[in-house]
Amino acid sequence: MATLPPAPIDRPTRADGTPLRVLVVDDEPNIAELLLMALRYEGWQVRTAGTGREAIDTAKDLVPDVVVLDWMLPDVDGLEVLRRLRARDERVPVLFLTARDAVEDRIAGLTAGGDDYVTKPFSLEEVVARLRGLVRRSGASAARTENVLVVGDLVLDEDSRDVTRAGEAIELTATEFELLRYLMRNPRRVLSKAQILDRVWNYDFGGQANVVELYVSYLRKKIEAGRSPMIHTKRGAGYVLRAADDA
(Lines give C-alpha, C1' and ligand atoms only; values in the text may rest on other atoms or scores of the structure.)
Protein backbone atom coordinates (compact mmCIF):
# COMPACT_ATOMS: atom_id res chain seq x y z
CA MET A 1 0.00 0.00 0.00
CA ALA A 2 1.20 3.50 -0.80
CA THR A 3 1.11 6.52 1.42
CA LEU A 4 -1.54 9.16 0.95
CA PRO A 5 -1.23 11.05 -2.35
CA PRO A 6 -0.36 14.77 -2.37
CA ALA A 7 -3.24 17.08 -1.49
CA PRO A 8 -5.33 17.52 -4.64
CA ILE A 9 -5.40 20.95 -6.25
CA ASP A 10 -8.69 20.22 -8.02
CA ARG A 11 -11.09 18.46 -5.70
CA PRO A 12 -14.07 17.14 -7.69
CA THR A 13 -17.53 17.89 -6.33
CA ARG A 14 -21.10 17.16 -7.29
CA ALA A 15 -22.87 19.58 -9.62
CA ASP A 16 -24.46 21.29 -6.59
CA GLY A 17 -21.02 21.86 -4.98
CA THR A 18 -21.40 19.18 -2.30
CA PRO A 19 -18.74 16.46 -1.84
CA LEU A 20 -18.83 13.37 -4.01
CA ARG A 21 -20.22 10.36 -2.15
CA VAL A 22 -18.35 7.06 -2.25
CA LEU A 23 -19.22 3.74 -0.63
CA VAL A 24 -16.24 1.50 0.18
CA VAL A 25 -17.12 -2.16 0.65
CA ASP A 26 -14.34 -4.41 2.00
CA ASP A 27 -14.25 -6.91 4.86
CA GLU A 28 -10.59 -6.15 5.62
CA PRO A 29 -10.69 -3.25 8.12
CA ASN A 30 -7.18 -2.02 7.32
CA ILE A 31 -7.96 -1.70 3.60
CA ALA A 32 -11.29 -0.01 4.27
CA GLU A 33 -9.61 2.43 6.68
CA LEU A 34 -6.83 3.30 4.22
CA LEU A 35 -9.36 4.00 1.46
CA LEU A 36 -11.50 5.98 3.88
CA MET A 37 -8.54 8.21 4.80
CA ALA A 38 -7.35 8.64 1.21
CA LEU A 39 -10.77 9.57 -0.14
CA ARG A 40 -11.60 11.91 2.73
CA TYR A 41 -8.25 13.54 2.04
CA GLU A 42 -9.55 14.08 -1.50
CA GLY A 43 -12.56 15.87 -0.03
CA TRP A 44 -15.08 13.09 -0.69
CA GLN A 45 -17.86 11.96 1.64
CA VAL A 46 -17.06 8.33 2.49
CA ARG A 47 -19.00 5.50 4.11
CA THR A 48 -17.68 1.98 4.58
CA ALA A 49 -19.28 -1.45 4.85
CA GLY A 50 -17.74 -4.80 5.79
CA THR A 51 -20.42 -7.14 4.45
CA GLY A 52 -22.65 -7.32 1.42
CA ARG A 53 -25.85 -6.80 3.37
CA GLU A 54 -24.37 -3.80 5.18
CA ALA A 55 -23.31 -2.39 1.80
CA ILE A 56 -26.82 -2.69 0.38
CA ASP A 57 -28.34 -1.01 3.44
CA THR A 58 -25.72 1.75 3.45
CA ALA A 59 -26.24 2.43 -0.25
CA LYS A 60 -29.93 3.07 0.38
CA ASP A 61 -29.03 5.79 2.88
CA LEU A 62 -25.95 7.26 1.17
CA VAL A 63 -27.02 7.07 -2.50
CA PRO A 64 -23.34 6.95 -3.58
CA ASP A 65 -21.88 8.56 -6.68
CA VAL A 66 -19.42 5.66 -6.98
CA VAL A 67 -18.81 2.33 -5.20
CA VAL A 68 -15.57 0.52 -4.40
CA LEU A 69 -16.65 -3.11 -4.11
CA ASP A 70 -14.60 -6.05 -2.83
CA TRP A 71 -15.25 -9.23 -4.78
CA MET A 72 -15.06 -11.62 -1.81
CA LEU A 73 -17.31 -10.77 1.15
CA PRO A 74 -18.23 -12.92 4.17
CA ASP A 75 -21.96 -13.16 3.42
CA VAL A 76 -22.81 -12.52 -0.23
CA ASP A 77 -20.22 -12.05 -2.97
CA GLY A 78 -19.52 -8.80 -4.76
CA LEU A 79 -21.35 -9.87 -7.91
CA GLU A 80 -24.58 -10.33 -5.96
CA VAL A 81 -24.10 -6.97 -4.24
CA LEU A 82 -23.54 -5.40 -7.65
CA ARG A 83 -26.73 -6.93 -9.02
CA ARG A 84 -28.72 -5.49 -6.12
CA LEU A 85 -27.09 -2.08 -6.47
CA ARG A 86 -27.82 -2.09 -10.21
CA ALA A 87 -31.45 -2.99 -9.55
CA ARG A 88 -31.76 0.26 -7.57
CA ASP A 89 -29.49 2.50 -9.67
CA GLU A 90 -28.20 1.12 -12.95
CA ARG A 91 -25.91 4.10 -13.55
CA VAL A 92 -23.81 4.22 -10.36
CA PRO A 93 -20.18 3.40 -11.33
CA VAL A 94 -18.63 0.40 -9.57
CA LEU A 95 -14.92 -0.30 -9.14
CA PHE A 96 -14.20 -3.93 -8.26
CA LEU A 97 -11.41 -4.43 -5.71
CA THR A 98 -10.11 -7.97 -5.45
CA ALA A 99 -7.17 -10.34 -5.34
CA ARG A 100 -8.64 -12.31 -8.26
CA ASP A 101 -6.86 -11.18 -11.40
CA ALA A 102 -7.60 -13.96 -13.90
CA VAL A 103 -8.94 -12.69 -17.22
CA GLU A 104 -12.17 -14.67 -16.82
CA ASP A 105 -12.78 -13.01 -13.44
CA ARG A 106 -12.25 -9.55 -14.92
CA ILE A 107 -14.68 -10.29 -17.73
CA ALA A 108 -17.21 -11.76 -15.28
CA GLY A 109 -17.14 -8.58 -13.22
CA LEU A 110 -17.47 -6.33 -16.25
CA THR A 111 -20.21 -8.47 -17.77
CA ALA A 112 -22.15 -8.20 -14.51
CA GLY A 113 -22.03 -4.42 -14.83
CA GLY A 114 -18.80 -3.37 -13.11
CA ASP A 115 -17.06 -0.38 -14.68
CA ASP A 116 -13.46 -0.98 -13.63
CA TYR A 117 -11.23 -3.47 -11.84
CA VAL A 118 -8.25 -3.11 -9.45
CA THR A 119 -6.34 -6.07 -8.06
CA LYS A 120 -4.73 -6.30 -4.63
CA PRO A 121 -2.16 -5.16 -3.69
CA PHE A 122 -2.92 -1.75 -5.13
CA SER A 123 -1.71 1.82 -4.73
CA LEU A 124 -4.02 4.41 -3.21
CA GLU A 125 -3.05 6.81 -5.98
CA GLU A 126 -4.28 4.35 -8.60
CA VAL A 127 -7.62 3.77 -6.88
CA VAL A 128 -8.19 7.52 -6.42
CA ALA A 129 -7.30 8.20 -10.06
CA ARG A 130 -9.65 5.55 -11.35
CA LEU A 131 -12.51 6.71 -9.12
CA ARG A 132 -12.04 10.26 -10.35
CA GLY A 133 -12.23 8.94 -13.90
CA LEU A 134 -15.40 6.98 -13.16
CA VAL A 135 -17.27 9.91 -11.62
CA ARG A 136 -16.18 12.13 -14.48
CA ARG A 137 -17.49 9.64 -17.01
CA SER A 138 -20.73 9.13 -15.11
CA GLY A 139 -21.43 12.88 -14.96
CA ALA A 140 -21.54 12.89 -11.16
CA SER A 141 -18.81 15.51 -10.84
CA ALA A 142 -19.39 19.19 -11.46
CA ALA A 143 -17.30 19.43 -14.62
CA ARG A 144 -19.75 19.62 -17.51
CA THR A 145 -19.74 20.35 -21.21
CA GLU A 146 -22.49 21.87 -23.30
CA ASN A 147 -21.92 19.91 -26.48
CA VAL A 148 -24.51 17.93 -28.33
CA LEU A 149 -23.07 15.29 -30.66
CA VAL A 150 -25.11 14.19 -33.67
CA VAL A 151 -24.35 11.37 -36.08
CA GLY A 152 -27.27 10.59 -38.36
CA ASP A 153 -30.32 10.01 -36.15
CA LEU A 154 -28.16 9.33 -33.09
CA VAL A 155 -27.93 12.23 -30.62
CA LEU A 156 -25.78 12.44 -27.47
CA ASP A 157 -26.11 15.39 -25.08
CA GLU A 158 -22.90 15.69 -23.08
CA ASP A 159 -24.50 18.03 -20.55
CA SER A 160 -27.66 16.09 -19.70
CA ARG A 161 -26.07 12.76 -20.69
CA ASP A 162 -29.19 11.86 -22.63
CA VAL A 163 -28.85 9.62 -25.67
CA THR A 164 -31.55 9.16 -28.30
CA ARG A 165 -31.85 7.50 -31.66
CA ALA A 166 -34.66 8.59 -33.95
CA GLY A 167 -36.09 10.38 -30.92
CA GLU A 168 -36.18 7.22 -28.77
CA ALA A 169 -34.31 7.37 -25.45
CA ILE A 170 -31.44 4.91 -24.91
CA GLU A 171 -30.21 4.11 -21.40
CA LEU A 172 -26.45 3.61 -21.11
CA THR A 173 -24.08 2.84 -18.25
CA ALA A 174 -21.26 5.30 -17.51
CA THR A 175 -18.72 3.29 -19.49
CA GLU A 176 -21.07 2.69 -22.42
CA PHE A 177 -21.76 6.43 -22.54
CA GLU A 178 -18.06 7.31 -22.60
CA LEU A 179 -17.38 4.77 -25.34
CA LEU A 180 -20.23 6.10 -27.47
CA ARG A 181 -19.11 9.68 -26.88
CA TYR A 182 -15.61 8.84 -28.11
CA LEU A 183 -16.98 7.14 -31.21
CA MET A 184 -19.36 10.05 -31.91
CA ARG A 185 -16.56 12.60 -31.53
CA ASN A 186 -14.72 10.72 -34.25
CA PRO A 187 -17.35 9.76 -36.87
CA ARG A 188 -16.09 7.94 -39.98
CA ARG A 189 -12.70 7.52 -38.30
CA VAL A 190 -11.37 4.02 -37.60
CA LEU A 191 -10.38 3.78 -33.94
CA SER A 192 -8.10 0.96 -32.80
CA LYS A 193 -8.77 -1.05 -29.66
CA ALA A 194 -5.62 0.44 -28.12
CA GLN A 195 -6.90 3.98 -28.78
CA ILE A 196 -10.27 3.13 -27.26
CA LEU A 197 -8.68 1.56 -24.18
CA ASP A 198 -6.51 4.63 -23.65
CA ARG A 199 -9.35 7.12 -24.10
CA VAL A 200 -12.27 5.37 -22.42
CA TRP A 201 -10.49 3.50 -19.63
CA ASN A 202 -7.56 5.95 -19.35
CA TYR A 203 -5.04 3.13 -19.04
CA ASP A 204 -4.08 -0.14 -20.67
CA PHE A 205 -6.58 -2.59 -19.20
CA GLY A 206 -4.06 -5.34 -18.66
CA GLY A 207 -3.64 -5.50 -22.41
CA GLN A 208 -7.09 -7.07 -22.64
CA ALA A 209 -8.55 -5.74 -25.86
CA ASN A 210 -11.53 -8.09 -25.43
CA VAL A 211 -12.91 -5.58 -22.92
CA VAL A 212 -13.41 -3.24 -25.89
CA GLU A 213 -15.13 -6.00 -27.86
CA LEU A 214 -17.44 -6.63 -24.91
CA TYR A 215 -18.53 -3.01 -24.57
CA VAL A 216 -18.89 -2.51 -28.31
CA SER A 217 -21.27 -5.47 -28.30
CA TYR A 218 -23.25 -3.85 -25.45
CA LEU A 219 -23.51 -0.59 -27.40
CA ARG A 220 -24.59 -2.34 -30.57
CA LYS A 221 -27.41 -4.12 -28.76
CA LYS A 222 -28.69 -0.81 -27.38
CA ILE A 223 -28.32 1.59 -30.29
CA GLU A 224 -28.88 -0.85 -33.14
CA ALA A 225 -31.73 -2.95 -31.76
CA GLY A 226 -34.24 -3.22 -34.61
CA ARG A 227 -32.40 -0.47 -36.49
CA SER A 228 -29.72 -0.14 -39.16
CA PRO A 229 -26.14 -0.76 -37.92
CA MET A 230 -23.92 2.21 -37.11
CA ILE A 231 -20.84 0.68 -35.46
CA HIS A 232 -18.76 -1.23 -37.98
CA THR A 233 -15.78 -3.53 -37.39
CA LYS A 234 -12.71 -3.06 -39.53
CA ARG A 235 -10.92 -6.37 -39.21
CA GLY A 236 -7.42 -5.92 -37.84
CA ALA A 237 -7.89 -2.15 -37.52
CA GLY A 238 -10.68 -1.32 -35.06
CA TYR A 239 -14.14 0.21 -35.12
CA VAL A 240 -15.81 3.06 -36.96
CA LEU A 241 -19.12 4.84 -36.31
CA ARG A 242 -21.10 6.03 -39.33
CA ALA A 243 -24.63 7.29 -39.88
CA ALA A 244 -26.91 4.50 -41.08
CA ASP A 245 -27.42 6.22 -44.43
CA ASP A 246 -23.72 7.05 -44.85
CA ALA A 247 -22.26 4.92 -47.58
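Residues numbered from 1 in each chain as written. Predicted model: local features only at pLDDT ≥ 70, side-chain atom pairs only at ≥ 80, totals over all residues. Heavy atoms only, no water.

**Details of the side chain of Asp26**
Quick note on the threshold: Secondary structure elements are taken from DSSP: a helix is a run of H or I of four residues or more, a strand is a run of E of two residues or more, and numbering for both begins at the N terminus. Definition of a polar contact: a pair of N or O atoms within 3.5 Å, with one able to donate and the other able to accept a hydrogen when the atoms are protein atoms, and with sequence-neighbouring residues admitted only if both atoms are side-chain atoms. In what follows, a contact means two residues having at least one pair of non-hydrogen atoms within 4.5 Å.
Position of Asp26 relative to the elements: it lies in the loop between β1 (21–25) and α1 (29–41). Within the structure, Asp26 has its side chain in polar contact with the backbone nitrogen of Glu28 (distance 2.8 Å). Residue contacts for Asp26: discarding those within four places in its chain leaves Ile31, Ala32, Ala49, Gly50, Asp70, Leu73, Leu97 and Lys120.

**A short note on helix α3 (residues 78–88)**
Where we set the bar: Burial classes follow relative accessibility: with a 1.4 Å probe on protein chains only, a residue under 20% of its type's maximum area counts as buried, one over 50% as exposed, and anything between as partly exposed. This arc is taken over the directions from the axis of the helix to the C-beta atoms.
All of the buried residues along α3 are Gly78, Leu79, Val81, Leu82, Leu85 and Arg86. Within α3, the buried residues cover an arc of 155° as seen down the axis, which keeps them to one side. The N-terminus of α3 is capped by Asp77, whose side-chain oxygen sits 3.2 Å from the backbone nitrogen of Leu79.

**Notes on helix α2 (residues 52–62)**
Along α2, the residues classified as buried are Gly52, Ala55, Ile56, Thr58, Ala59 and Leu62. The inward-facing, buried residues of α2 abut β1, β2 (45–49) and α3. Val63, located one to two residues past α2, shows a positive phi value of around 50°.

**Some words on the packing of aromatic side chains**
Put simply, the rule reads: Only centres within 6.5 Å qualify two rings of Phe, Tyr or Trp (six-membered ring in Trp) as a pair; their planes then separate them into stacked at under 30 degrees, edge-to-face at over 60, and tilted for everything else. We call a charge positioned over a ring when the NZ of a Lys or the CZ of an Arg lies within 6 Å of the ring centre and within 35 degrees of the ring normal.
Applying the stated criterion across every chain, the model contains 3 aromatic pairs. Ring centres of Tyr215 and Tyr218 lie 5.1 Å apart, and the angle between their planes is 70°; this geometry places the pair in the edge-to-face category. Taken as a pair, Tyr215 and Tyr218 lie in helix α8 (residues 210–223) at a separation of 3 residues, close to a single helical turn. Using a relative accessible area of 2% as the deciding quantity, one classes Tyr215 as buried. Here Tyr218 falls in the buried class, since its relative accessible area comes to 16%. Through a chain of ring-to-ring contacts, three or more aromatic side chains come together here, namely Trp71, Phe96 and Tyr117. For the cation-ring pair, Arg161 lies above Phe177, with the distance from its terminal atom to the ring centre recorded as 3.9 Å.

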